[in-house]
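# Descriptive analysis of the structure
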Amino acid sequence: MDTLASAPKAKEPVETLSRVVIRFAGDSGDGMQLTGTQFTATAAAVGNDLATFPDYPAEIRAPAGTLPGVSGFQINFSSEDIFTPGDAPDVLVAMNPAALRANIKDLRPGGILVVNTDAFRETDLAKAGYAKNPLEDGSLSGFRLYQVEITRLTRAALKETGLPQRIQDRCKNFFALGMMYYLYHRSMDVSVRWIQHKFAKKPELVQANTLALKGGYAYCEAAEIFPVTYEVPPAHLLPGLYRNISGNQALALGLVAAAQKSGLPLFLGSYPITPASDILHELSQYKNFGVYTFQAEDEIAAIGAALGASFAGSIGLTTTSGPGMALKMEFIGLAIMVELPLVIVDIQRGGPSTGLPTKTEQADLLQAIFGRPSEAPCIVIAARSASDCFEAAYEAVRLSITHMTPVILLSDGSIANGAEPWRLPKIEELAPVDARFRTEREGFLPYARDPRTLARSWAVPGTPGLEHRIGGIEKSDGTGAISYEPANHEHMVRLRAEKVARVAQDIPPSQVDGDPDGLLVVGWGSTYGAITGAVRRARAEGLRVAHLHLRHLSPLPADVGPILARYGRILVPEMNMGQLAMILRARFLRETTSLNKIQGQPFKESEILEGIRASASGGGR
Amino acid sequence: MDTLASAPKAKEPVETLSRVVIRFAGDSGDGMQLTGTQFTATAAAVGNDLATFPDYPAEIRAPAGTLPGVSGFQINFSSEDIFTPGDAPDVLVAMNPAALRANIKDLRPGGILVVNTDAFRETDLAKAGYAKNPLEDGSLSGFRLYQVEITRLTRAALKETGLPQRIQDRCKNFFALGMMYYLYHRSMDVSVRWIQHKFAKKPELVQANTLALKGGYAYCEAAEIFPVTYEVPPAHLLPGLYRNISGNQALALGLVAAAQKSGLPLFLGSYPITPASDILHELSQYKNFGVYTFQAEDEIAAIGAALGASFAGSIGLTTTSGPGMALKMEFIGLAIMVELPLVIVDIQRGGPSTGLPTKTEQADLLQAIFGRPSEAPCIVIAARSASDCFEAAYEAVRLSITHMTPVILLSDGSIANGAEPWRLPKIEELAPVDARFRTEREGFLPYARDPRTLARSWAVPGTPGLEHRIGGIEKSDGTGAISYEPANHEHMVRLRAEKVARVAQDIPPSQVDGDPDGLLVVGWGSTYGAITGAVRRARAEGLRVAHLHLRHLSPLPADVGPILARYGRILVPEMNMGQLAMILRARFLRETTSLNKIQGQPFKESEILEGIRASASGGGR
Amino acid sequence: MSAGTLTKKDFASDQEVRWCPGCGDYAILSSVQSVFPELGIPRENFVVVSGIGCAARFPYYMNTFGFHSIHGRAPAVATGVKVANPDLSVWIATGDGDALSIGGNHIIHLMRRNVDVKVMLFNNRIYGLTKGQYSPTSEIGKRTKSTPFGSVDRPFNPISVAIGSGATFVSRSVDVYAAHLKEVLTAAAHHRGTAFIEIFQNCNIFNDGAWEPYREKELRDDNLLHLRHGQPLVFGKSADKGIRLKGPFEPEVVALGSGVSESDLLVHDVRGPLPYAFMLAQMEAPAFPVPVGVYRDVEAPIFDAAMRDQVAEVTAKKGPGDLRALLYGGETWEVR
Amino acid sequence: MSAGTLTKKDFASDQEVRWCPGCGDYAILSSVQSVFPELGIPRENFVVVSGIGCAARFPYYMNTFGFHSIHGRAPAVATGVKVANPDLSVWIATGDGDALSIGGNHIIHLMRRNVDVKVMLFNNRIYGLTKGQYSPTSEIGKRTKSTPFGSVDRPFNPISVAIGSGATFVSRSVDVYAAHLKEVLTAAAHHRGTAFIEIFQNCNIFNDGAWEPYREKELRDDNLLHLRHGQPLVFGKSADKGIRLKGPFEPEVVALGSGVSESDLLVHDVRGPLPYAFMLAQMEAPAFPVPVGVYRDVEAPIFDAAMRDQVAEVTAKKGPGDLRALLYGGETWEVR
Ligand SMILES: Cc1ncc(C[n+]2csc(CCOP(=O)(O)OP(=O)(O)O)c2C)c(N)n1
Ligand SMILES: Cc1ncc(C[n+]2csc(CCOP(=O)(O)OP(=O)(O)O)c2C)c(N)n1
Ligand code: SF4
Ligand code: SF4
Ligand SMILES: [Mg+2]
Ligand SMILES: [Mg+2]
């Protein structure tokens, strides 16, 4: 982008780096999410590959200055392919002692640490639980510490505005952002434009924030506080048009795209729950796309209404997270029985029970596959990254309509909120999504099936001559008439299972990334980035290793068995206690090694690399 | 019993049989359940071993004379050990054409068929969907057909009562019962006494039913319709006091017994659902045992109230079936988090969804183990026969209190309603059920643990100084204070898993019935009887086979691995698509052969024997 | 099927009706099958939704589109159906357990939202399908299988619950009182918004006689108060009794004649003040005759219509969604 | 801890309070902590139960027994607690979403049963914890994250819902109006049966100002109508306005003086006819002042007490259960 050419040159010696991880941390009132998003937008504009990870506090507004109130945003930007938001940050910007305390353990040894010393008064230290001032007790000697009076300097920069101090102080995040722009040779243009747009109606805020941003930049330039500055050149990304997108946004767009492609209205029944609510928020803005959003009284009503809408010919959709998922199971069972399309999106979070609502986990897999009474097979797929949520959501709608049965789509907190560049798909190249509506009354049988998929056709109310009844009692095939016949029941149970199993016949061959033998790392969902990065690093170290990442969890692709058979050892990293591993073991009777992390935090590449090294060298679990 | 000595001798030649299966079938208004129960009571009194299987229609009162209205009751009684209600009946009593039509396919070739010809008018035949009268078209020639004008003969026997014909006709089931008593040399005393007791306040009904009973008996005697009659001598049962009991009754008694043993009140929160409602009905009669029964507004409130009662120091209990189970999962997750005792009873029925509510299935196993969001391990055990429901329920309460965590107890429709003789346990020999209540305020920590079981202690409201808060958010061990710390979460997830895993250390060594190597048949739940019978028959045929039946499904007993290792082949019969098999395969990486029956009906011994023969001879699945 | 030529028979499905002989549900089925062809709605536009219970088997017997869903959740399904296709005439058949026990929340939210759905609540004051446990409308002290020593909780008054939840159409009728029931069903069909119809229904197997005073021809005229818009509250076989206010908010039964005339009586107004409708709801035997007919019939925003209107408005304002613009909108950058 | 010596401080737990600065919940917490020590109940006998939401964090901050359960289900948990131990004083802290959205059914059943539990409904007309979606008490047209073009459904009136469900104690107060709130909480504590307390609560982050006319000292006297048993319905800063009936069931606001005196006004009666309480519930701004205080306080059978009484009665009649007799009863036979 041309504006970038104007990025001024720093006076300090410049080093070129291939990748940098910055974490902005402060009080939840300090605007760290915004700061991070701005740095991200600029990195994207520069052409870096990137990935981000926001880490919100569980409370809406925890008491200012306390540990629970700390909000963080991490960005990994690079001139090479990026797969995760990064392991240990190279830079930590800590706006107060609580932010320091909560994050310092992650900063890599020798990393850059920028602190706002104005926030290190005794009361601040006490709130963060520091007995002594860490800036003075030598405990930070392993880092490159920059003590900056960010508050005071911001006020100085904003003097001319005459704004109340409270408002001025709110701009200090832009001051910090300006400093980082300086340190990494970034142009401020993207952010300046954003500020102008955002506060178009409040010119005083445009002025204030711009001054703060430039103030931070100018301060570094003038005070020459950094002995070295850095450049991270653009990455060699696949050509195309890109935008930065979070998983929940991408998921919402994927749903809309599939609905548009099918020509059908999309009906979302949802009940708010972290971290799924944003999909409801997104979709409720797309009413002109024929999107109906119904905030129901609870999760049961939400899915019930979605199923009702499906019956009436819309694409029924419901979105939730673990606790809400539990409440939907009875209705999913009904949807399986009545054989209507229905998409259920589960943005997994830390559990069990209320658990860690704002943290991530991928432990709802077995619930998704088995969590219903009796034999109630369901299609289950998972998204593997923020941008992949688009494709995964699209696929969920497509499968549900094609196979006339519910599809559960699993995502999780880390990719739902995390953002990454998304190479925009070509609209024309999106797969067709075709509903088979029945209108012909001659020979109509509600449960007549497509011989290949076993899907029944969709006979919606309002179609003359197709009046029929559906329900959850066991039925005869074809007519759908209630049947308590023993043999019929077995027939229907097997038929419903077979219908789901046949989805596998349309799954394209699995991609295996890496060596053709040796150790196979099998993953699903949001571990994709960390595994990809780790496998590449392991191979660079000379280990024989490959990566298989599953989109389809139920049914599994037909080629999983043959692929597993090629590898001597199987490593399954999961943010749970080994759920996919259990499925693979049961199905293929293969020994697997599980690498589990259940900390409400995504895997780091290094953790997986560690696991690969241990496994590859024959180490056990 | 002395009265039995007085059983009159028949004039016909007498054959001695070791086991007989009779099925009484008629319209749901015909009183077949009562007839069967009476025959059962007498067989029990004679000292036969026995097992029964009632088969109700799904409708409350389906239209009289139609197939959906047919009600059946099967009893298997024997001078040897009995494990199931029997495969093909030796005798079918059909009170109308619908009963004949619905049941004739099961009668063994050459079996005895008694029909009430008075119910075979043209309209009756039409209602049952018979185009021709089966009594006349030769289609029954493979059976020993006895055409009896039961209605007319009953009326004749009751003439003297002067009762309205409608009332008289209601006694015809006792006429049929009298006939069977004659055929099998049974005394009528037990039933006569029952009639006297039951209708104590309506002497005219005592008279009528007694006359009908005796009328049926006398008719056989006088008309000499049976060329041969039969004797089934007493069985060699373990010495002790016996009573006949259904699974749901035994389950209710087991719960009461455990509560009594613990000295604690039992609080049942329940919402009616077939086939679990009878436990609610039973327990609501035991108020003087400190049993509180709360019929809640739904399944969620039912379990919620039970958990609240547990918090306050009662034994919290909830009972349901599949669809209701789905609704309880969120609360079970909470119970796991707050570490309180809670017993959840799931009487499995045919599914998915509303499915076949009055039929049996054992397909909720995976839901019980995995059907919750996130990692929410739960103790899961299963009852294997009607009388075993007592012990299983007792064990569920004991485990839940000992380990301070919820326990799911699985039973199913077949054993819930089926009855068998129950050798009464010695009260003194019941295992202790000891709650560890905390009262000491010094050093109190809500989540302090017993070092062996990892169970926390029970600190109930009302205890001075122990005020504390519990909830579903992740917490620090010990204090129970909310914690979002990554490492703490992993610690707690593993701790909760370990707590459940440690239950295995107290499971007594598994009993394996049969040969020490060869084929191992592994079962759980209500298949016990059929597998036991089949394995004995297989061994009698000379096959090398053994039977392992699991009470504990989660955690599995520690010796399952070593036991499986001793056998070359593993056969897993289940009334589902292979749920236990999946668990075993995943855990032990052993090839298994599944024998599945998903027909809403229990396995027959012969079906399992067939499976054993195929497996033992190396046949595949 | 063109609406004009429909007859009762067109609404009978080919399924055998499987209620107990003598069940009040038969009478309701017959009335509904009589009313539907008279509504001028094509048959394919009827959808009958239900939960689980004896009452909930209703859809199987109606030759319309039907959805026998899960226990208590019919209002949710019906809401989805109606929003997805506003041309449909959506009816719910539900029992006192299905609607007021497990489904209580959905039903009150349906009424709050005023979704254009008609709710027929078959109140037999018992759980029929599960063979006789007490329900949230059973009288206190009720002995049933689950309450062998008598229930200890007070019942709901379904009409009070409906009014308290903001229902715009509230009515009551009796299973076997066909002429009346048809009238009420017809009024419900013509109401725009949620129409709540409590139907006294006899379960002759598990709660026989629960509504005897209101079902038996000889008794009902003395025990029912017919609500007729604009008419005074008169009742009794010979229309010789009425209801007047004895003090603010307090109704009393008076005999007509002897100084009391119809002009002293309260006059029914389906759009009257809410506390008036609520007063009617409190009238219970034996002190009062039981009001039947339409208690209340008012207009309010209709959820499904408003939802569709909003979609239409936004679409009119923003133009029909352009997928390309949506995906490619926002900050993008090109990589070459 | 002996009840007599308790102070407010004894009810503060050691947990840091984590509501947003300025949230109305702080004020409610403070009032509750003031009232509890005055009730003469030992501290260990208090149990505070909640579901999920900002309001539902309440138990953590109370140094009593507490149970933070799952969303909407506090009434169920509380019912179990109370039945299991009648000596406990059981309180629910819940939000408008927790109580009236997902938990609507449990709350109406709690009130129907009249379980002896006190319900504090923190009504901020928004989902706070999930960051600002509209709730079932949000006004129609509300723009929130989930309704960017405005909500289209009518809200519940929580007082109407409570009365419609048969609540025996119905009241309303305001978070920051401490004196009033304490009075209402104390009355609720002394009521036997379910006590329903709607508390107007400000969510200064997602719905700031929702209750401004009732919270601000300068405004509230003109906008609140204080219900006091036996007193006429008078309101206004200088007590110069009142409520009288203009026709049956129809209240109107009148200015006192100029021919209208207190004796023309309605006199509040907490045991008055149900339609009267229901009329009060319909009084809404701007036409009317909003009634606060105790709308209704009547006696009715109490579920938990009745349940325990029944157990006691059956035990008295049959004798305490004899396990041996139970197991060995019925038809048995001996095998030797
Ligand atoms: C989730 C769930 N819980 C419980 C049941 C069992 N059940 C079926 S119908 C019913 C109640 C029926 O009563 P009501 O709604 O009054 O209908 P009626 O049979 O009296 O017409 C119950 C408890 C079920 N099918 N599903
Ligand atoms: C089963 C379930 N569904 C949804 C949620 C998410 N959730 C938590 S609190 C809440 C609503 C909060 O609103 P309210 O009850 O009014 O309380 P407030 O936060 O406003 O005090 C929701 C939807 C959840 N925790 N559990
Ligand atoms: S049980 Fe009652 S409600 Fe159900 S069909 Fe029979 S009579 Fe009707
Ligand atoms: S979000 Fe609103 S209700 Fe929740 S703590 Fe903050 S101010 Fe209070
Ligand atoms: Mg009912
Ligand atoms: Mg709220």
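Given the structure is predicted, the values throughout are model-derived calculations rather than measurements.

Here the focus is the nonpolar core. The tendency in soluble globular proteins is for nonpolar side chains to be buried side by side. In this structure, Leu283 of chain A together with Leu283 of chain B are the most contacted members of the largest nonpolar core, which totals 352 residues. Counting residues in each nonpolar core, the second largest holds 55 residues, with Phe73, Ile112, Ile195 and Cys220 of chain B among its members.

A few words on the interface of chain B and chain D. Taken residue by residue, the interface counts 72 residues in chain B and 60 residues in chain D. Taken together, the two surfaces of chain B and chain D that pack against each other cover about 5400 Å², and 66% of this comes from carbon and sulfur. Where chain B touches chain D, the interface holds three salt bridges. A salt bridge links arginine 324 of chain D to glutamate 428 of chain B; the shortest N-O distance between them is 3.0 Å. Our count for the chain B to chain D interface comes out at 22 residue pairs in polar contact (both at pLDDT 80 or more). Those elements giving two or more residues to the side of chain B that touches chain D turn out to be α2 (32-46), β9 (240-246), α10 (247-262), β11 (291-295), α12 (299-311), α13 (322-338), β16 (419-423) and β17 (469-471) of chain B. The element that contributes the greatest number of residues to the side of chain B that touches chain D is α12 of chain B, accounting for eight residues. Here the residues of the side of chain B that touches chain D are counted per class, giving 46 nonpolar, 16 polar and ten charged.

Residue and element names in this part refer to chain D. For helix α4 (residues 104-113), the buried fraction is high: ten of the ten residues fall into the buried class. Among the residues of α4, those classed as buried are Gly104, Asn105, His106, Ile107, Ile108, His109, Leu110, Met111, Arg112 and Arg113. Where α4 terminates, the next one or two residues include asparagine 114, which has phi positive at roughly 60 degrees.

Further remarks concern the sheet that holds β16 of chain B. Ordered by their spatial adjacency, three strands build an open sheet running β16(B)-β9(B)-β12(D), and the pairing between neighbours is antiparallel. Edge strands, defined here as strands with exactly one partner in the open sheet, are β16 of chain B together with β12 (332-335) of chain D. Ignoring which end each strand starts from, the neighbouring axes of this sheet average 35 degrees apart. In the sheet, β9 of chain B pairs with β16 of chain B via five bridges, with the strands oriented antiparallel. The residue of β16 of chain B that forms the bridge with arginine 243 of chain B is tryptophan 422 of chain B. Contacts between α10 of chain B and the sheet are confined to β9 and β16 of chain B, with β9 of chain B contributing the most and set at about 115 degrees to the helix.

All names here are of chain D. Ligation of the magnesium ion (ligand 6) by protein atoms is provided by Asp96 (OD), Asn124 (OD1) and Ile126 (O), these donors lying 2.1 to 2.2 Å from the ion. When the donor residues of the magnesium ion (ligand 6) are listed from N- to C-terminus, their spacing reads D-x27-N-x1-I. Here asparagine 124 lies in the loop between β4 (117-123) and α5 (158-164) and aspartate 96 lies in helix α3 (residues 96-102), a separation of 28 residues in the sequence. No difference in accessibility class separates aspartate 96 from asparagine 124, as the two residues are buried.

Burial along strand β2 (residues 65-68) of chain D is two-sided: Phe65 and Phe67 of chain D and Gly66 and His68 of chain D, pointing in opposite directions, are all buried. The pairing of β17 of chain B with β2 of chain D spans three bridges and is classified as parallel. From the neighbouring strand, arginine 469 of chain B faces β2 of chain D, where its bridge partner is glycine 66 of chain D. With four bridges connecting them, strand β1 (residues 46-50) of chain D and β2 of chain D associate as parallel partners. Pairing of valine 49 of chain D across the sheet is with phenylalanine 67 of chain D, part of β2 of chain D.

A separate point is the side chain of asparagine 96 of chain B. Residue and element names in this part refer to chain B. Mapped onto the elements of the fold, asparagine 96 is located in the loop between β5 (91-94) and α3 (97-103). You can call asparagine 96 buried: its relative accessible area is 6%. Among the polar contacts made by the side chain of asparagine 96, one reaches the main-chain amide nitrogen of alanine 98 at a distance of 3.2 Å. Residues in contact with asparagine 96, not counting those within four places in the same chain, are Asp27, Asp30, Gly65, Ala119 and Phe120.

What counts, and at which threshold
- Residues numbered from 1 in each chain as written.
- Chains lettered and ligands numbered in written order.
- Predicted model: local features only at pLDDT ≥ 70, side-chain atom pairs only at ≥ 80, totals over all residues.
- Heavy atoms only, no water.
- Core = buried A, V, L, I, M, F, W, Y, C linked by side-chain atoms within 4.5 Å.
- Buried < 20%, exposed > 50% of the residue type's maximum accessible area, 1.4 Å probe, protein only.
- Contact = heavy atoms within 4.5 Å.
- Buried area = accessible area lost by both parts, 1.4 Å probe.
- Salt bridge = Lys/Arg side-chain N within 4 Å of Asp/Glu carboxyl O.
- Polar contact = N/O pair within 3.5 Å; in protein donor to acceptor, adjacent residues only side chain to side chain.
- Helix = DSSP H or I, 4+ residues; strand = E, 2+ residues; numbered from the N terminus.
- Nonpolar A, V, L, I, M, F, W, Y, C, P; charged D, E, K, R; others polar.
- Pairing = 2+ DSSP bridges.
- Axes fitted to C-alpha atoms, helices over the stretch in contact; angles between N-to-C directions.
- Donors = N, O, S within 2.8 Å, 3.2 Å for Na, K, Ca; no water.

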